[in-house]
Amino acid sequence: MSSEKKKLRFAPSPTGALHIGGARTALYNWLLARGSGGSLVLRIEDTDRERSTGENVEQILDALRWLELDWDEGPLSQHERADRHGERLRELLDADKAYHSLATAETVKAQKAQSNLGFRGEPVAPGTEGAAVRLRVPEGTTIVHDEIRGDISFDNSVHDDPVIARGDGSVLYNFAVAIDDLDMGITDVVRGDDHLSNTPKQVIVMEQLGETPPRYAHLPLLHGPDGKKLSKRHGAASVQELASAGYLPAAVRNYLALLGWGAADDQTLLSTDELVRQFSIERVGRSSAIFDEKKLRWINGRYMRELPLEEYERRFAEQLSRADPAAAEAFAAGDAERRRAALQIAQEKAQTLDDVWPLVRFLFEDPPNDEKAWRKVMKDGTRPLLEDAAAALREADPFEPASIEASLAPILAARGVKPGQLYQPIRVAISGGAVSPGIFESLAVLGRDSAVSRIDRAVTRLR
Ligand code: GLU
């Protein structure tokens, strides 16, 4: 942890949901702010009036809240700062560091067809109808200090004079960002490297205003396991989707932190406090990071196991009522002891909140009929095994995992079968499917009467 307090910002454009890449950017900024004892600004970059919507803003705020990432200033709306942007634009115009120009994209293209040099426009008088404002790119080189890649220098002579304000006086994105980062006293800009080509423009604006740019860190893009740029094809793509797929926010933070950054000791499971203490830009790599939902699932499973039972039940019940209200009713109708016992036996196995119900539903409803599982395990010779099992379970006393196991185990030797040959048919008989929590625990929570009657039913069906 450095002793300097950093001031960072997360600056989403509200043109859609918060995607995983954006969430990682938000998290890294948050970790640096918290780790340095500094602060985080949430700035909504809504200068694109057509594509920015209030709904998207709400969605992004909800996603940040779900991730439990808080901010110290904001949300500020960039477009509400138009007056301030206008002020600084006039400063550049007055100093002749920007000029009015009628050049269109076609003019620029035509000139660029003739030479490799950057476009320089023909100034026209201020107030000329329809004239935009272009920044005068000075001679020389522009250096971007990037904490991940080192200094990057850009040759100004090949840089076009960029439009920084439209004919109607509204400023363009790269200008607004530069002014806001200055005004807000941002010390470090941490964002995706898809912004790298914007950075020299923003730095030139700042330098032409006589100001010192912040430090930059451009994060490598996220890819899917197939090496392609991350998209919906790779599974859940937005924070909302992760939430509705039953992931836990703490696990998502842990996983997102690892997309591009690694702890010094290569540890995978890090609490948020540990992340705040350990996270640094120096350990962010340059190569693209791979989003792998399998690994997220695994990490999430580890967090699921550690959840206190009360929180586990609360989160599970909330998730289930969103995903499947009828199932949520069936669960709620079970008595409190059964609910707790069911969650306890699922906790080892469930990697997400969504995994829980399929594992425990047989304890609250009649088991579904999984024909495939039935055909796979109910082989010739299964019937006598199940008859023995039902008889043993009638005697098991108390009806608890250890004594249930003790009463079933002798059947293995007596019939000369392997554990799977006995326990898988029991599993299918009581739960309907081939996957359940541990068989002895499952039988115990289900209770003697239901267990025996479900096994008897299977025996009847096998006749
Ligand atoms: N608004 C930009 C985006 O959502 C981020 C700009 C920045 O961080 O400077 O991609």
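It should be noted that the structure appears before, not after, this text.
Each value, and the rule that gives it
- Residues numbered from 1 in each chain as written.
- Predicted model: local features only at pLDDT ≥ 70, side-chain atom pairs only at ≥ 80, totals over all residues.
- Heavy atoms only, no water.
- Helix = DSSP H or I, 4+ residues; strand = E, 2+ residues; numbered from the N terminus.
- Rg over C-alpha atoms; globule rule 2.2 N^0.38 Å.
- Buried < 20%, exposed > 50% of the residue type's maximum accessible area, 1.4 Å probe, protein only.
- Contact = heavy atoms within 4.5 Å.
- Pairing = 2+ DSSP bridges.
- Right-handed = clockwise from strand over helix to strand, strands pointing away.
- Salt bridge = Lys/Arg side-chain N within 4 Å of Asp/Glu carboxyl O.
- Near = heavy atom within 4 Å.
- Polar contact = N/O pair within 3.5 Å; in protein donor to acceptor, adjacent residues only side chain to side chain.
- Areas by Shrake-Rupley, 256 points an atom, 1.4 Å probe, with all protein chains shown as cover.
- Nonpolar A, V, L, I, M, F, W, Y, C, P; charged D, E, K, R; others polar.

Novice: It is not clear to me how the overall build of the chain should be interpreted in this structure. Could you clarify?
Specialist: What the chain contains, in helices and strands, is 20 helices and 13 strands. Computed over the C-alpha atoms, the radius of gyration of the chain is 31 Å, more than 25% above the 23 Å expected from 2.2 N^0.38 for a compact globule of 463 residues. For the C-alpha atoms alone, the extent of the chain along its principal axes is close to 100 × 45 × 40 Å. Residues classed as buried in the chain amount to 50% of the 463 residues present. Within the chain, counting contacts between residues at least 6 apart in sequence, those at least 24 apart form 76% of the total.

Novice: Is there a simple way to think about the pairing of strand β11 (residues 215–219) in this case?
Specialist: For β11, the tally of buried residues reaches four of five residues, placing the bulk of the element in the interior. Here strand β10 (residues 188–192) pairs with β11 via five bridges, running parallel. Bridged to Gly-192 within β11 is Leu-219. Crossover handedness for the path β10 to helix α6 (residues 199–208) to β11: right-handed.

Novice: Which parts of the structure should I look at to understand the side chain of Arg-9?
Specialist: In this fold, Arg-9 is placed in strand β1 (residues 7–10). The exposure class assigned to Arg-9 is buried, which follows from its relative accessible area of 3%. Setting aside its immediate chain neighbours within four residues, Arg-9 contacts Asn-29, Leu-40, Val-41, Arg-43, Val-177, Asp-181, Ile-186, Val-189 and Arg-191.

Novice: Help me understand the pattern of salt bridges, please; the structure alone is not making it clear to me.
Specialist: Pairing between side chains of opposite charge can happen when the charged atoms of each approach one another. All told, the structure shown has 34 salt bridges when counted by the stated rule. Measuring nitrogen to oxygen at the nearest pair gives 2.9 Å for the salt bridge that ties Glu-91 to Arg-88. You can see Glu-91 and its partner Arg-88 sitting in helix α3 (residues 82–94), three residues apart, about one turn around the helix. For Glu-91, a relative accessible area of 37% corresponds to the partly exposed category. With relative accessibility at 7%, the residue Arg-88 sits in the buried group.

Novice: Got a minute to help me understand unusual backbone geometry in this structure?
Specialist: Only a minority of non-glycine residues have a phi that is not negative, and only a minority of peptide bonds are not trans. Gly-74 connects to Pro-75 through a cis peptide bond whose omega is 0°. Following the sequence through the fold, Pro-75 ends up in strand β3 (residues 73–77). Cis geometry is adopted by the peptide bond preceding Pro-398, which originates at Asp-397 and carries an omega value of -5°. Of note in the backbone geometry, Glu-68 takes a positive phi value of approximately 60° without being a glycine. One can find Glu-68 in the loop between α2 (54–66) and β3. For Glu-68, a relative accessible area of 42% translates into the label partly exposed. Backbone geometry at Asp-96 places phi at a positive 60°, although glycine is not the residue there. Assignment of secondary structure puts Asp-96 in the loop between α3 and β4 (98–101).

Novice: I keep staring at the site of the ligand and nothing clicks. Help me out?
Specialist: Close to the ligand lie Arg-9, Ala-11, Pro-12, Ser-13, Glu-45, Tyr-173, Arg-191 and His-195. At 2.7 Å, a backbone N or O of Ala-11 approaches a nitrogen atom of the ligand. Side-chain polar atom of Arg-191 to an oxygen atom of the ligand: 2.6 Å apart, as the coordinates give it. Against a free-state accessible area of 300 Å², the protein chains account for coverage of 79% of the ligand. Each residue belonging to the shell around the ligand can be placed in one class, and the counts come to three nonpolar, two polar and three charged.

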